[in-house]
Amino acid sequence: MNRLLSLSKVPVLTGFWRHYSVPTTKMFIDGEFVESKAKSWIELHNPANNELVTRVPKCTEAEMNAAVDSCQTAFESWRKTTVLTRQSLMFELQRLIKRDMKKLAENITLEQGKTLADAHGDVMRGLQVVEHCCSITSLQLGETMPGIAKDMDTHTYRVPLGVTAGITPFNFPAMIPLWMFPLSLVCGNTMLLKPSERDPGACMLLMGLLQEAGFPNGVVNVIHGAQEAVTFICDNPQIRAISFVGSDRAGQYIYERGSKSGKRVQCNMGAKNHGVILPDANKAQTIQSLVGAAFGAAGQRCMALSTAILVGEARNWLPEIVARAKELRVGPGTEPGADLGPVISPEAKARILSLVESGISEGADCVLDGRGLVVKGYEKGNFVGPPFSLSMECYREEIFGPVLLCLEADTLEDAIQLINSNPYGNGTAIFTNSGAAARKFTEEIDVGQVGVNVPIPVPLPMFSFTGSRGSFRGDQNFYGKHGVHFYTQLKTVTQLWRSEDAVTSASATAMPL
Ligand code: NAD
């Protein structure tokens, strides 16, 4: 029997949309925070109460061109800075992010909705990438081979690409920009950033810190907008590489359009992450991990464990999973003790509810139903419906909300087959006390990030974020060694230094042997 757990919030609409008394989000061009002359603006609402927070411009073509030109001009001098200069600026940025952690987290909660504790985690995971960037003096080392022919040596350098671009999603407003611009900069590139139009505030605060740290003007420029700004980035000939994190639809578009115009492109996209629960697992620990990983950040994490596969006798654990999920406190992210906040928008909520409803209409057993939840009182409701089948839309689609699908499998082999036949390959986890089962799972599973008793196995920045199959397009992954490779190209120099008395008398016209 397949079942579905759902927790959801109801955004409360209050207040008037006082367009013109509401602050606007500025661009960051050539080291200045600049008001856009855009004719078209996007309203950004606090997901906890739907009050208008700011208006985000859809930047004009001229503004976007000015931003790229600034990146290009800055690159000419930035690429010539010493690696020690770039490293010491990165140390300073690291110090300032730590100093302003609270401010950044508060902005994330205001614009994105996640709890303050989780927002701190958002900043912290990005900060760890900055910390890793501080070891660029060894990360960007090249290779050498002396004596490849008489008096001849070869050196390989990792040199910057030029102007790079970053396009980011709403769910990690600090972490994902921090996956991109610090590594690009420390390798000697400049970057044009287009943060999510749904919560660009944390990115703008980071720009203030970049400036305070002493980075030269123009090394990062920030523009705003939606699809038009993305198309501009894909087509602009000065931009050499694009880093994208977000949905499948946008990722496929960017990968195709950016590659077609000759750019290097890396795209981290959607996910459907399965947690396999074997009956020999540590029950209490597994249930805690599963519930935290399914519902944390209201399920709006690309590594959320959104599908549990209960194997064999573990199917009897469902009532305890439900009981644990029921204890979660849903409320505004600012409320101490809240476990999960609202989802990003009324549209996102409507989409999640419609997927839950499609599951129920196809036969899902809705054992915990948060659809009628009212944020004000944080009340939750329970519904039990009939079973549903695997072909239903809410299994196929990424729900990206506080919904846990519980499937059942008779054996570990069945669970592996199910996961491997899903198009996504972002993350997965197995919960077991059997080393042999864990080994079989890690060997046979075709997913890029695998946890053994670890529900969200996101690698730290000394590794790379290695989502695979439908969750990734490109060649080099984000951050770590692969990130350095993405933001650099190889230059190989072969040198002949021969003393006067050893100069050959004839010109070689044949290929040397
Ligand atoms: P999104 O694709 O809607 O937006 C991401 C960026 O793309 C934004 O800057 C947006 O302006 C732009 N964009 C949106 N639609 C576009 C279109 N049609 N054409 C061109 N550009 C477009 O994604 P989101 O809703 O902000 O983020 C959630 C998605 O991101 C989920 O699918 C989630 O799994 C994924 N995600 C993946 C990872 C990962 O590492 N694999 C990490 C975080 C989020």
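If you're wondering where the values come from, they're calculated on a predicted model, not measured in any experiment. (Residues numbered from 1 in each chain as written. Predicted model: local features only at pLDDT ≥ 70, side-chain atom pairs only at ≥ 80, totals over all residues. Heavy atoms only, no water.)

This next bit is on the pairing of strand β13 (residues 274–277). Here β13 shows a buried face lined by His-274 and Val-276 and a second buried face lined by Gly-275 and Ile-277. Strand direction decides the pairing type here: β13 and strand β14 (residues 307–311), joined by 4 bridges, are parallel. By the bridge assignment, Val-276 is partnered in β14 with Ile-309. Once you follow β13 into helix α10 (residues 283–295) and on to β14, the crossover reads as right-handed. Across 4 bridges, β13 lies against strand β18 (residues 428–431) in parallel orientation. (Buried < 20%, exposed > 50% of the residue type's maximum accessible area, 1.4 Å probe, protein only. Helix = DSSP H or I, 4+ residues; strand = E, 2+ residues; numbered from the N terminus. Pairing = 2+ DSSP bridges. Right-handed = clockwise from strand over helix to strand, strands pointing away.)

So, about the site of the ligand. The full set close to the ligand counts 27 residues, and Glu-197, Arg-198, Ser-247, Met-269 and Glu-398 are the nearest of them. Within the side chain of Glu-197, one N or O atom sits 2.7 Å away from an oxygen atom of the ligand. Met-269 has a polar backbone atom sitting 2.8 Å from a nitrogen atom of the ligand. Protein contacts shield 91% of the accessible area of the ligand, which totals 840 Å² for the unbound molecule. Among the secondary structure elements, those contributing two or more residues to the shell around the ligand are α6 (175–186), α8 (227–235), β11 (239–245) and α9 (248–260). (Near = heavy atom within 4 Å. Polar contact = N/O pair within 3.5 Å; in protein donor to acceptor, adjacent residues only side chain to side chain. Areas by Shrake-Rupley, 256 points an atom, 1.4 Å probe, with all protein chains shown as cover.)

This brings us to the environment of Pro-457. For Pro-457, the location among the structural elements is in the loop between β19 (450–452) and β20 (468–469). Separated by 30 residues in the primary sequence, Pro-457 and Gly-427 have C-alpha atoms spaced 7.0 Å apart. With sequence-adjacent residues up to four places away left out, Pro-457 is seen in contact with Met-303, Thr-428, Gln-449, Val-450 and Gly-451. (Contact = heavy atoms within 4.5 Å.)

A few words on the confidence of the model for the chain. On average, residues of the chain score 91 in pLDDT, and 92% of them reach the 70 mark or higher. Taken as a whole, residues 8–19 scores under 50 in pLDDT and shows 38 contacts with residues more than four places along the chain or in a different chain. Within the model, pLDDT remains below 50 along residues 377–391, and this stretch shows 60 contacts once partners closer than five positions in the same chain are excluded. Reported confidences for the modelled complex are a pTM of 0.94 and an ipTM of 0.99. (pLDDT = per-residue confidence, 0-100.)

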